[in-house]
Structure formats: structure tokens, C-alpha cells
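# Fold and geometry: a report
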Amino acid sequence: PVEVKKICCIGAGYVGGPTCAVIPHIQVTIVDLNQQRIDAWNSDTLPIYEPGLDEVVKAARGKNLFFSTDVDKAIEEADLIFVSVNTPTKKSGIGAGFAADLKFLQLATRRIAEVAKSSKIVVEKSTVPCRTADAMRTILEANSKPGCHFDILSNPEFLAEGTAIEDLFGPDRVLIGSLQTEQGLSACQSLANVYANWVPRERILTVGLWSSELSKLAANAMLAQRISSVNALSAICEATGANIDEVAYAVGKDTRMGSKFLKASVGFGGSCFQKDILNLVYLSESLHLPEVAKYWRAVVEMNEYQKSRFANKVVNTLFNTITGKKIAILGWAFKKDTGDTRESPSITLANHFLTEKARIDIYDPQVTESQIWLDLTDYGDIPAEPIKPHVKISETVEEACKNAEAIVICTEWDEFKTLDWQKIYDNCPRPAFVFDGRLILDRKALTDIGFKVISIGTGDRI
Ligand code: NAI
């Protein structure tokens, strides 16, 4: 196998940045077309928040880790190229709303073919539909210079935002898919040798290209399916007097199941789960498997239902109207320990409350005010002016909650568990409602203070 001495990573996002920052010794250049993002990676304020990321980047930057917008130079110099560009759900055309938009991936691939003057190993790190490597190979071979050979590997990323650095240093597994030809297997070994610098060999799994591509979609579909299953059960709990935390605890103790990913909530968010399931739905339909498509689609539908069920519960509890009432939204990120807001349930809830003509006051420890406005206006598609009088963004929880008729926990930030709830209560009108969309609060302590606490998956029936 070729010894990898220089790596290029195309796409300096949530995946490209952290994954490459943990690679020891080997020279890695992460490139992006977005100048602002590269400038941020080269500054003291990195473009993404992730626990431990600052330390890792600052230790390696300028030594073996470089960030640049000079895509061509980095491609030319590298032996191995990770492609970590975004693959969002298509917004228009065939497969709109379901299929992955592969334009960024194809542009990056074309660039590699046009610029490369020597053979390269090209690694799909982005999450892609099954058999995308085939299309990449066609693009590369049709545009390459004589004598340049490209091996394509699939190496999906399993990190979770919020624990990315921990996940990358100690992954459950690294998955590499290759063609089962001599060339393919040799390229696979080259990449496995890179990971072997810090990952035990038995955790580096090597499989066929298509299995590798499909495994990423499968993993996300099954993780999301657990959340939708527990959320579906939470609705039954509310109607019966069962308690979802107790049910999940009892179920999760079964070693065939395990306890992770069984927390009921307002619903899952993030850039991946919904997009990857819809991608799987589209794939199933393309393969003439409508029943399979329907099965996975239900996971997304259950998530939508959970969000609207929770929003309706807020309205119903506030005596069927929230018009003109102030609602505090605690947490805007799609989960704790990240500043990422893509597909965050908070956005859905905020829109619901605004439609009901409530006034919302938002607090999040990591998300910037400008990001919240981008989300509320769907990146400029919805005019900001009409909603401006109804939206406030606060610097502190206390400010957001002051005079609020309802406090809604949307993100499970640890700091929400240890707030001075008595002080918050003193500044709220009565009855003071708290809606725990993440099941993180001490229900008894808050009830003792005087709050009316409404949680997911616990009803009033005793
Ligand atoms: P991102 O949007 O944060 O980053 C992608 C970057 O690629 C952007 O900065 C964009 O400017 C850049 N880019 C796009 N086209 C380019 C081109 N032709 N040349 C150079 N740069 C280009 O996306 P993120 O979250 O890092 O996701 C990347 C891929 O990884 C997606 O396929 C996603 O599904 C997958 N993934 C994401 C995970 C996550 O937790 N965010 C986890 C595992 C996989």
C-alpha cells in the first residue's frame, strides 16, 4: 500500500475540521471555498463549538494542520483526499425533499480530476446515497490526466456533534469500504494505516464499498428510529399515567437493547438524521420497495408529530391561547454542547408560537443572535420585519424568563439543571409554567417552589 504522507480534506465543516484535526504527524490541509470559515479556523474563535476542539486545533495548527482556500494546491500535493462537503436534502427537481443533493460532492470530485497531476486515493467522508462512489469514479476517470489513477474509498463518519473529539479519539469503529480488487484493497490498507496511528486495528472495519455507504444511512436511520419509538411511547405514557423515563429505564436494561438513545424529548434535530432517513426513503422508492420506504418515512413523521404535539400542549395548557403572551425558549441548538442549529426542534416550536401570535424570548449559551435570525427567517426566505416585534434574544436565562408565562426547555444544556429556579419563579406571573422538553429538570424541586411543571411522557393521571 502507498504510504500516505500528505492529506487534503475538502470541506472545513463540522466533519472535515474535527476529523482532520485529530490526525497525528501526517500533514493535513483542510480546504474550503468559504473564506470566512477558513479565516475563522485560522483565528482564535473557531467557526464551530465543540468541547475539546480548541485545544486540539491550537496544538496542531501550523505544525501538521493547515487551513486554506487554495483548494487546487492542496489537491495537487496530497496522496489522499477526504471529501467532506455538505450533502443536504435536494430542494428542487427530481427527488426534491428526499434525495441528497450531490452537487457539492460532484463539484469537488470534478476539481480533483482536473487538478490532479498524480494518482490519488479519494475518500468519500460525506454521507452519500448507496453507489455514489460509482458516479465519482466515472467523473474522475472521464476528466483525469493520462497516467493518473484514482482509487475511491468510502469512509463514513460516525462522530456525534457535542462529543466529536471524544468520538474521534476513541471511536467504536472506523469503517472503510473499498472495491474488492487488488488496487481497492491496497488503497483501503493505506487509509487503515493512517487510522492505526491512534485507533486499535480491531476497531478498523473493512468492507465492500456499497456496504460501507449503506451502513452510514442504516446507522442514522436506526438511531433516529429509537428516538421516534421512545417518543411514540411517551404519548402513550401521557395518556395512561405511565412514566417514560421509567419505561425507558426498564426497557434499556435489557442487554439486547442497551440504554443509550432511549431518552424521550421534544424530537430529534441536527443536519443528519432527517436528511439521511429521507435519503434512505428515496433510495427505497428508487429500488421499487415502497413498503420499505413507508417504514422509514414513519420515523420522520413521528418526529414531526412529537414536535407539534409538544407545541400544542404549551398552547392548551396556557388556557388555549398564547396570543400576546411571553414564552421563554431555553436552548436554540439542536442538542447540548454544540452551536449547531440545523433542523433544531426549537425552530419548529418558535415558528409555531409565532403563528399563534405569542412573544418569544430566546436564550442559548452558544448560538449567536445572527444565527437565530437566519433560522427564524429560513436564511432570508421569510421576511424578518413582521416577526421582529415578537422576538427577543436574551443574553441570560433570567432575562429571557422574566415575566414569561411559560418557560420551554428545548435543549438539554447542563446549565439549565442548576439554575436559580426560585429567583426565576419570583419574576414570573402566576401560574408559572415550565415545559420540560428534554426531561432534565428536577420536577419535584420545581413543583415545591410553585411551578407547574409539564414534562414529556408523564401525564397528570396517577
Ligand atoms: P458543513 O456544511 O458544516 O461543511 C461542509 C463544508 O464544505 C462547507 O464549509 C462548504 O463551504 C464546503 N464545501 C462545499 N462544497 C465545496 C467545494 N466544492 N470545495 C470546497 N469546499 C466545499 O457540513 P458537515 O456537517 O461537516 O457535513 C459534511 C458531510 O458529513 C455531510 O455529508 C454530512 O451528512 C456528513 N456527516 C455529518 C455529521 C455531523 O455531525 N455534522 C456526522 C457524520 C457525517
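Just so it is clear, the structure is predicted and the values come from calculations on it, not from any experiment. (Residues numbered from 1 in each chain as written. Predicted model: local features only at pLDDT ≥ 70, side-chain atom pairs only at ≥ 80, totals over all residues.)

With that settled, the discussion passes to the packing of helix H5 (residues 103-115) against helix H6 (residues 132-143). Packing of H5 against H6 leaves a shortest axis separation of 8 Å and a crossing angle of 30°. What the angle tells us is that H5 and H6 run roughly parallel. Crossing handedness for the pair H5 and H6: right-handed. Facing Gln106, Thr109, Arg110, Ile112, Ala113 and Glu114 of H5, the residues of H6 in contact are Met136, Ile139, Leu140 and Asn143. Within the contact of H5 with H6, the residues separate by chemical class into five nonpolar, three polar and two charged. (Axes fitted to C-alpha atoms, helices over the stretch in contact; angles between N-to-C directions. Helix = DSSP H or I, 4+ residues; strand = E, 2+ residues; numbered from the N terminus. Parallel < 35°, antiparallel > 145°, perpendicular 65-115°, else oblique. Left-handed = near helix turned anticlockwise from the far one by under 90°. Contact = placed C-beta atoms within 7 Å. Nonpolar A, V, L, I, M, F, W, Y, C, P; charged D, E, K, R; others polar.)

Our focus in this paragraph is the site of the ligand. Lining the immediate environment of the ligand, one finds 27 residues, of which Gly11, Gly13, Val15, Ser126 and Thr127 sit closest. The element that contributes the greatest number of residues to the shell around the ligand is H5, accounting for three residues. (Near = placed C-beta within 6 Å.)

Strand order in the open sheet formed by six strands is E11-E10-E9-E12-E13-E14, and the pairing between neighbours is parallel. Since the sheet does not close on itself, it has two edges, and those belong to strand E11 (391-393) and strand E14 (452-455), each with one partner. Going across the sheet, the axis of each strand differs from the next one's by a mean of 20°, ignoring polarity. Pairing of strand E9 (residues 326-330) with strand E12 (residues 406-409), which is carried by four bridges, proceeds in the parallel orientation. Its bridge partner lying in E12, Ala328 is registered against Ile407. (Pairing = 2+ DSSP bridges.)

The next point concerns the UniProt feature "domain: UDP-glucose/GDP-mannose dehydrogenase C-terminal" (unreviewed entry) in the protein chain. Those places that UniProt annotates as "domain: UDP-glucose/GDP-mannose dehydrogenase C-terminal" (unreviewed entry) correspond, in this numbering, to residues 328-443. Taken end to end, residues 328-443 comprises 27% helix and 16% strand; its first and last C-alpha atoms sit 18 Å apart. (UniProt positions renumbered as here; feature names shortened; annotations may be inferred.)

To continue, consider unusual backbone geometry. For the bond running from Arg430 to Pro431, omega is -10°, close enough to zero to count as cis. Tracing the backbone shows Pro431 in the loop between helix H16 (421-426) and strand E13 (433-436). The backbone of Phe319 shows a phi angle near 60°, a positive value even though the residue is not glycine. When you line up the elements, Phe319 lands in the loop between helix H12 (290-317) and E9. Although it is not a glycine, Asp337 sits at a positive phi angle of roughly 65°. Here Asp337 shows up in the loop between E9 and helix H13 (345-355). Judged by the 20 C-beta atoms lying within 10 Å of it, Asp337 falls in the buried class. (Buried ≥ 20, exposed ≤ 12 C-beta atoms within 10 Å, placed from the backbone.)

Burial of E13 is two-sided: the residues Phe433 and Phe435 facing one way and the residues Val434 and Asp436 facing the other way are all buried. In the sheet, E12 pairs with E13 via four bridges, with the strands oriented parallel. Bridged to Ile407 within E13 is Val434. As paired strands, E13 and E14 are joined by four bridges and run parallel to one another. Opposite Phe433, over in E14, you have Lys452 as the bridge partner.

Let us look at helix H8 (residues 182-195). Taking 1.5 Å as the rise per residue, H8 with 14 residues should run 20 Å; its terminal C-alpha atoms sit 20 Å apart, in good agreement. Residues of H8 that are buried: Ala187, Cys188, Leu191, Ala192 and Val194. Looking straight down H8, one finds its buried side chains confined to an arc of 150°; they lie on one side. Among the structural elements, strand E4 (80-83), strand E5 (120-124), strand E6 (150-154), strand E7 (174-178) and strand E8 (204-208) are those in contact with the buried residues of H8. (Expected span 1.5 Å × (residues − 1). Arc of directions from axis to C-beta.)

What follows is about the nonpolar core. Ile81, Val122, Leu191, Ile327, Ile329, Leu330 and Val408 are the most contacted members of the largest nonpolar core, which has 130 residues in total. The element contributing the most residues to this core is H12, with eight residues. If you count residues domain by domain, this core takes at least three from each of domain 1 (6-199) and domain 2 (242-455). If near-sequence neighbours (up to four positions away) are discounted, Ile81 is found in contact with Cys8, Ile10, Ile75, Ile112, Lys120, Val122 and Val123. (Core = buried A, V, L, I, M, F, W, Y, C linked by C-beta atoms within 7 Å. Domains from an automatic or database assignment.)

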